[in-house]
Amino acid sequence: MKKYDMQLTEENLVDSIEQDYLGRNKKISKLIDILNSLTSNVVISIDGNWGTGKTIFVKQLELINKKDKLNALNIESIQKFKDNYIVFYYNAWENDMHDSPLLSLIYNLINAYPKEKKQTIDGKVQMPFDLKELLKTITGNSVDLDKVTSFEDISKEIFTVEEKRNALNQLLRNIIPEDKKLLFIVDELDRCKPSFAVHLIETLKHFFSNDNIVFIVSTNNEQLSYTINNYYGTNFDGYSYLNKFYDLIIELDEIDKEKYLSKVYNINKTHQFWNYSLFAIIDYFNLNMREINRILSDYDLLGNYFQTSYGFYEEDMIVKHVFLPYCLGLKVHNKNKLSLFLNGKGKNELLEFVLEEEKIKKIVEREIPRTSIQREITEENIVEFVTRRYNHYFTKKKDNTYESDYNKEFFLDTFSLLGDFTKTDI
């Protein structure tokens with residue numbers, strides 16, 4: 001089955017910039033100009049709802065810094081960005097199993113820069129020798145250097161915040177070239193467990209106050225504020241806490257969905273019924289990029305299964321191009337409403353969808369003459385027709401318009417592949 005989630009390979013990222021199918025090149029260019037103008041330690045938030053492509057955005061920024069040639073952006077700005085910065089990407093969610101965010105950050109930093117680590121036979125990363133010497137200076141020989149062979153050991157041996165900060169700054173001086181800054185990207189913070197998320201923010205605030213470091217925190221600030229509230233208590237103002245932490249917030253707006261579908265999947269606004277249905281669902285539920293990918297994947301799975309297993313799927317176009325896509329939209333938008341719909345209690349909202357979306361109305365209008373109900377097409381007849389078909393599949397009020405006996409049982413059994421949304425006693 002075709003994969004719809006964008007794989008963050010270099011080739012795909014380059015393509016996303018050169019074709020600008022997310023419509024983000026202008027924003028990323030402005031961000032680069034801002035970064036080129038900075039002279040001190042700054043924390044920038046890349047804020048966006050889940051599924052808006054925040055990770056792609058910061059991965060594009062990382063690629064621009066490392067890629068030799070990209071013609072889609074201002075060459076002078078990119079060159080200055082490369083001259084000014086090295087970029088380090090840290091996925092917080094992939095590391096929130098660690099007890100200490102500080103040690104996790106140090107581990108990932110050293111792992112990203114091989115010259116700063118020594119690899120043992122069993123794969124454990126040891127502390128670099130020059131950092132051991134720094135500890136000796138800081139602690140006045142009070143640290144047993146023979147014990148300091150891992151990050152866990154160093155956490156036991158360095159006792160004060162100032163010692164940790166000095167040791168970290170020494171490590172950063174070893175990593176960052178004298179004429180450059182470190183652009184430190186922290187991603188997926190909103191998906192972390194509350195304790196790790198909060199401790200990571202505190203770590204960045206207390207230990208990385210270095211003028212040669214600029215932070216970009218890519219996250220859903222609304223969700224992250226809830227996480228902070230859960231950690232400190234419901235009366236705590238998580239959003240104000242974040243506003244004090246950030247120096248600048250850049251919001252990612254929604255992608256150009258039509259351009260995204262056209263450039264990535266070659267799906268355009270044509271008169272094909274599936275395309276009609278897809279764009280209607282995207283517009284009606286205001287789906288984001290991740291939700292669009294989910295719908296495309298689910299439709300491939302169910303569409304192929306219906307097509308090869310049940311004759312009614314081709315016979316009843318209302319099932320194929322109205323009921324199925326509408327259910328997939330509900331699945332990513334509101335699972336409770338999906339369950340109600342599948343159990344015969346969603347007719348009114350279905351009718352609102354059909355009457356509001358012109359593309360769906362056209363599909364229904366085409367189907368009415370194919371039934372035994374030979375009438376002129378009016379809104380009243382559209383309502384009656386959709387109601388009869390809905391009752392046939394999702395209630396006990398069977399409609400014998402078609403001779404075929406493929407009805408609710410087959411549709412629900414197949415849709416159950418995607419989750420348990422129905423009751424067996426209906």
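Structural notes, computed from the coordinates. Everything numeric here is computed off the predicted structure, so don't read it as measured data.

Quick word on the overall build of the chain
Reasoning step 1: In terms of helices and strands, the chain carries 21 helices and seven strands.
Reasoning step 2: Taken over 426 residues, the chain has a buried fraction of 53%.
Reasoning step 3: Restricting to contacts in the chain with at least 6 residues of sequence separation, those with at least 24 account for 72%.

Quick word on helix H2 (residues 25–37)
Side chains three or four residues apart in an α-helix point the same way, a direct result of the helix having 3.6 residues per turn.
Reasoning step 1: For H2, spanning 13 residues, the distance from its first C-alpha to its last is 19 Å, which sits close to the expected 18 Å at 1.5 Å a residue.
Reasoning step 2: Those residues of H2 that sit buried are Asn25, Ile28, Leu31, Ile32, Leu35 and Asn36. All buried residues of H2 lie within an arc of 140 degrees about the axis, which places them on one face of the element. Across H2 from its buried face, at more than 90 degrees, point the exposed residues Lys26, Lys30 and Ser37.

Concerning helix H20 (residues 379–394)
Reasoning step 1: Look at H20: 22 Å from first C-alpha to last across 16 residues, which is about the 22 Å you get at 1.5 Å a residue.
Reasoning step 2: Those residues of H20 lying buried are Asn381, Ile382, Phe385, Val386, Thr387, Arg389, Tyr390, Asn391, His392, Tyr393 and Phe394.

Some words on the pattern of salt bridges
Reasoning step 1: Applying the stated criterion across every chain yields a total of twelve salt bridges.
Reasoning step 2: The salt bridge partner of Lys59 is Glu62, with a shortest N-O separation of 3.2 Å. With Lys59 and Glu62 both in helix H3 (residues 54–66), this residue pair falls three residues apart, about one helical turn.
Reasoning step 3: Among the residues examined, Glu62 registers a relative accessible area of 12% and is labelled buried.
Reasoning step 4: Between Arg366 and Glu367 there is a salt bridge whose closest N-O contact spans 3.1 Å.
Reasoning step 5: Residue Glu367 is classed as buried on the basis of its relative accessible area, which comes to 0%.

Describing the side chain of Asn108
Reasoning step 1: Mapped onto the secondary structure, Asn108 falls in helix H5 (residues 101–112).
Reasoning step 2: A polar atom in the side chain of Asn108 sits 3.2 Å from the side chain of Asn95.
Reasoning step 3: Setting aside residues up to four positions removed in sequence, Asn108 forms contacts with Phe88, Tyr90 and Asn95.

Focus on the packing of aromatic side chains
Reasoning step 1: With the rule as written, the count across this model stands at 25 aromatic pairs.
Reasoning step 2: The interplanar angle of 70 degrees and the centroid separation of 5.5 Å between the aromatic rings of Phe323 and Phe394 together place this pair among those described as edge-to-face. Placement of Phe323 in helix H16 (residues 317–333) and of Phe394 in helix H20 is noted, with a sequence separation of 71 residues between them. Across the pair, Phe394 and Phe323 agree in class, each one buried.
Reasoning step 3: Residues Tyr326 and Phe341 carry aromatic rings whose centres are separated by 5.2 Å and whose planes lie at 65 degrees to one another, so their mutual orientation is edge-to-face. Placement of the pair is Tyr326 in helix H16 and Phe341 in helix H17 (residues 335–342), with a sequence separation of 15 residues. Taken as a pair, Tyr326 and Phe341 share a single burial class, namely buried.
Reasoning step 4: Through successive ring pairs, a cluster of aromatic residues spans Tyr284, Phe285, Phe323, Tyr326, Phe341, Phe353, Tyr390, Tyr393 and Phe394.
Reasoning step 5: In this structure, Lys59 packs its charged tip against the face of Tyr89, placed 3.9 Å from the ring centre.
Reasoning step 6: Against the face of Trp93 rests Arg191, its NZ or CZ located 3.5 Å from the ring centre.

Some points on the sheet that holds strand E7 (residues 248–251)
Reasoning step 1: Spatially, E2-E5-E6-E1-E7 is the arrangement adopted by the five strands of the open sheet, whose pairing is parallel. In the strand order of this sheet, the two ends are held by strand E2 (85–91) and E7, each with one partner. Going from strand to strand, the sheet's axes swing by 20 degrees on average, the running direction of each strand aside.
Reasoning step 2: Inspection of the sheet shows strand E1 (residues 42–47) paired to E7 by four bridges, in the parallel sense. Across the sheet, the residue bridging to Ile46 is Ile250, located in E7.

Some points on the packing of helix H9 (residues 194–207) against helix H11 (residues 238–245)
Reasoning step 1: Contact geometry of H9 with H11 gives a least axis separation of 11 Å together with a crossing angle of 25 degrees. Judged by the inter-axis angle, H9 sits roughly parallel to H11. Helix-helix and strand crossings are classified by hand; for H9 and H11 the assignment is left-handed. Residue-level inspection shows Val198, Ile201, Glu202, Leu204 and Lys205 of H9 in contact with H11, the latter providing Tyr241, Leu242 and Phe245.
Reasoning step 2: Looking at side-chain class alone, the contact of H9 with H11 contains six nonpolar, no polar and two charged residues.

Notes on the environment of Ser104
Reasoning step 1: Within the secondary structure layout, Ser104 lies in helix H5.
Reasoning step 2: Setting aside residues no more than four positions away along its own chain, Ser104 makes contact with Tyr90, Asn95 and His98.

Here we look at the environment of Asn220
Reasoning step 1: The topology assignment puts Asn220 in the loop between strand E6 (213–219) and helix H10 (221–232).
Reasoning step 2: What makes Asn220 buried here is its relative accessible area of 8%.
Reasoning step 3: Apart from the residues lying within four places of it in its own chain, the contact partners of Asn220 are Asp47, Gly48, Asn49, Trp50, Lys54 and Asp190.

So, how was this worked out
- Residues numbered from 1 in each chain as written.
- Predicted model: local features only at pLDDT ≥ 70, side-chain atom pairs only at ≥ 80, totals over all residues.
- Heavy atoms only, no water.
- Helix = DSSP H or I, 4+ residues; strand = E, 2+ residues; numbered from the N terminus.
- Buried < 20%, exposed > 50% of the residue type's maximum accessible area, 1.4 Å probe, protein only.
- Contact = heavy atoms within 4.5 Å.
- Expected span 1.5 Å × (residues − 1).
- Arc of directions from axis to C-beta.
- Salt bridge = Lys/Arg side-chain N within 4 Å of Asp/Glu carboxyl O.
- Polar contact = N/O pair within 3.5 Å; in protein donor to acceptor, adjacent residues only side chain to side chain.
- Phe/Tyr/Trp six-rings, centres within 6.5 Å; stacked < 30°, edge-to-face > 60°.
- Lys NZ or Arg CZ within 6 Å of the ring centre and 35° of its normal.
- Pairing = 2+ DSSP bridges.
- Axes fitted to C-alpha atoms, helices over the stretch in contact; angles between N-to-C directions.
- Parallel < 35°, antiparallel > 145°, perpendicular 65-115°, else oblique.
- Left-handed = near helix turned anticlockwise from the far one by under 90°.
- Nonpolar A, V, L, I, M, F, W, Y, C, P; charged D, E, K, R; others polar.

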